[in-house]
Amino acid sequence: MAPEKEDYKADQIQVLEGLEAVRKRPAMYIGSTGEAGLHHLVYEVVDNSVDEAMNGHCDTINVMLHSDGSCSVKDNGRGIPIDDHPQYNVPAVEIVMTKLHAGGKFDSDTYKVSGGLHGVGVSVVNALSTWATVEIHRDGGIYTQKYKIGNLDSKLERIGDSDDHGTTVRFMPDSSIFETIQFDFSTLRYRLRELAYLNAGITITISEEGGESETFQYAGGISEYVTYLNEGKTSLMNKPLFVSGEKDQIQVDAALQWTTAFRENIHTFTNNIATREGGTHLSGLKTALTRTINNAARKRKQLKDKDPALDGNDVREGLTAILSVKVPEPQFEGQTKTKLGNSEVKGIVDTIMTECLSDFFAENPTDSQIIISKCIQAFQAREAAKKARDLTRRKGILEGGGLPGKLADCQSKDPTVSEIFIVEGDSAGGTAKQGRDRATQAILPLRGKILNVEKSRIDKILANTEVMALITAMGCNITGVEEEEEFELDSARYHKLIIMTDADVDGAHIRTLLLTFLYRHMQGLIHAGYVYVAQPPLYKVTKGKKLEYAYDDVQLERITSEFGSGYSISRYKGLGEMNAEQLWETTMDPNQRTLLQVTIEDAELADKAFEELMGDDVQKRREFIEANATAVANLDI
Ligand code: 0RA
């Protein structure tokens, strides 16, 4: 637990500025005004409660979605201080709730760690809410105060006695700020469950007023998280290895467990925030793993002196791990600001991990034998993969310029204006080639289904000509083959990769396969915002000379009612049913089309769905299909 100053009083709260700035530029404070930004409001309040929990003052947090559309977060922490701020002569809670950056979190002595990405303060939530209320149980009483768009709406009032302690913040998001103010239960559920795993022992409940309710409480913390992630897989160890240590005020916790799976599944966090782009903590973990496992393999003579060293991809094959670090002043970098930049963290994680891992391999000969054998198998497969790739290159799939023969490239060599359409099948590919703007649009037709990467090791993936064509056309390489030869965003030949598949079950399947592949081997493209899904129309409505396209049933409804009687509807089953001109007009023309940009969350979901569907465990697969009957309808397994 964090060392803490016992004499925290209202006078430690620093006042910075008012809240006008927040309403003027909300995205600067909460990332966006879309659905993600809306949910950030909840996370912001919850983070404050979790901070209380991390400091040992709170063990229960209840999130409630009320029927009036507001959300409340209740905790049993110390309660926001209600005594007067000596400088301003108003209750401290008033400052916490109505001034930007006010609050102990910005005094680094008081809270050792605060939520880095959010961590903007409850006042930001208040500013972006039409109304908010706070109820505090503290110092023997119950206190409440009301606010409107971040301003005071009532004096702090003592409304009763209480021996309890804690804070409830309730807020109504402002519909003039947010694109939607409808909270999504499953989005919140996912994050709150994650928080409960990351903070062993705390109890977090999410409920809908008069509706469903779920409670998350994990005594085993991140080890339990790894066990959960490995459900349905065949584990190589009885239980996850738990590692914990602290150095220079940086706390490092990790849980690791190898399975028979082919992929690595490592999730990293900094101050409870998912660092999806990795960073220095992940580098430290990887360095420690590669070094310790090579050392153990040599010591145990599973690797002979003459054998080359295992590389990082080998030692991480089948590894599921959670790495959670707490850093007092985190720096976030990367395309989505989810990459930890603090350079000092790498060495600290390396040191702590190396010590614990070395002990583990020294003390557990049976586990060591099994894990190291798995790593050696991975090494052999990767060697085969490199051979397969070279063979593919020689097989004449590539043309003189080193590009796939079936790629119809664009004329421009400027990646920032170039697009590549990945199209299903040669026939749709042909139509797209005729319809495109050849100056900036390239077409790559893929024949049939691309390989299912969940079930395949990297050697099979690289032996697959469709996948190889995609990798070569993009020109930016992939992760997971050779450590010194990684994915390179700067070499991407196109800044838009557009998946254009039929609007049917097969199309959905191919899209999921592609997304899964991109998520695992070209994730940087998704972080950079380069991956899109094309939106072909579902219907064509005609009446005499009039023609309109409908992209969903709501539009169809609107168009047919506008057309009145005597119209005819044709349903497009595939891209192949459109001629080149129609395909251009409806789906490819940058001035008319709509593209859906793939977010990392979308890709993660595709990946998760796939893993559950394709994993080892038949029972688990059946449960998943039963639970997701509708979603699976267009997954075609
Ligand atoms: C400032 C100072 C203290 C606690 C808090 C804020 C606090 C904020 C929130 C927001 C939601 N729940 C919260 N719980 C506490 C420290 C108070 C002390 O020293 O007693």
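Residues numbered from 1 in each chain as written. Predicted model: local features only at pLDDT ≥ 70, side-chain atom pairs only at ≥ 80, totals over all residues. Heavy atoms only, no water.

J.: Tell me about the packing of aromatic side chains, and name the residues and values.
T.: Throughout the structure, instances matching the rule amount to eight aromatic pairs. Pairing Y197 with Y218 gives two aromatic rings, centres 3.7 Å apart and planes at 10°, and the pair type is stacked. With Y197 in helix α6 (residues 185-198) and Y218 in the loop between β9 (213-216) and α7 (221-229), this pair connects stretches of sequence that are 21 residues apart. Residue Y197 is classed as buried on the basis of its relative accessible area of 4%. Ring pairs connect the aromatic residues Y197, Y218, Y225 and Y228, which therefore count as one cluster. (Phe/Tyr/Trp six-rings, centres within 6.5 Å; stacked < 30°, edge-to-face > 60°. Helix = DSSP H or I, 4+ residues; strand = E, 2+ residues; numbered from the N terminus. Buried < 20%, exposed > 50% of the residue type's maximum accessible area, 1.4 Å probe, protein only.)

J.: Report on the pattern of salt bridges, specifying residues and quantitative values.
T.: Pairing of side chains with opposite charge becomes possible as their charged atoms draw close. One pass over the full model with this rule turns up 22 salt bridges. Notably, a salt bridge pairs K406 with E466, separated by 3.0 Å at the nearest N-O pair. Of the two residues, K406 is situated in the loop between α11 (365-394) and β17 (419-424) and E466 in helix α14 (residues 465-474); the sequence distance between them amounts to 60 residues. Its relative accessible area of 23% is what places K406 among the partly exposed residues. (Salt bridge = Lys/Arg side-chain N within 4 Å of Asp/Glu carboxyl O.)

J.: Any chance you could break down the sheet that holds strand β13 (residues 273-274) for me, citing the residues and the numbers?
T.: Hydrogen bonds between backbone groups are what pair the strands of a sheet, and the pairing can be parallel or antiparallel. Taken in spatial order, the five strands make up an open sheet running β10-β11-β14-β12-β13, and their pairing is mixed. Lying at the two open borders of the sheet, with one neighbouring strand each, are β10 (241-247) and β13. Here six bridges tie strand β12 (residues 265-270) to strand β14 (residues 319-326), and the two strands are oriented parallel to one another. Opposite T270, over in β14, you have V325 as the bridge partner. Helix α8 (residues 280-299) contacts β11 (250-258), β12 and β14 of the sheet and is inclined by roughly 135° relative to β12. (Pairing = 2+ DSSP bridges. Contact = heavy atoms within 4.5 Å. Axes fitted to C-alpha atoms, helices over the stretch in contact; angles between N-to-C directions.)

J.: Tell me what's going on with helix α18 (residues 580-588), and back it up with residues and numbers.
T.: For α18, the complete set of buried residues consists of A580, Q582, L583, T586, T587 and M588. Down the axis of α18, the buried set is contained in an arc of 150°. They therefore lie on one face. The backbone nitrogen of E581 lies 3.1 Å from a side-chain oxygen of the residue at the head of α18, namely N579. (Arc of directions from axis to C-beta. Polar contact = N/O pair within 3.5 Å; in protein donor to acceptor, adjacent residues only side chain to side chain.)

J.: Could you give me a rundown of unusual backbone geometry, with the residues and numbers involved?
T.: Phi is positive for N89, which is not a glycine, with a value near 55°. One non-glycine residue, I149, lies in positive phi territory at about 30°. Within the element layout of this structure, I149 appears in the loop between β4 (141-148) and β5 (151-152). Using a relative accessible area of 36% as the deciding quantity, one classes I149 as partly exposed.

In short, shape yes, function no, at least from these values alone.
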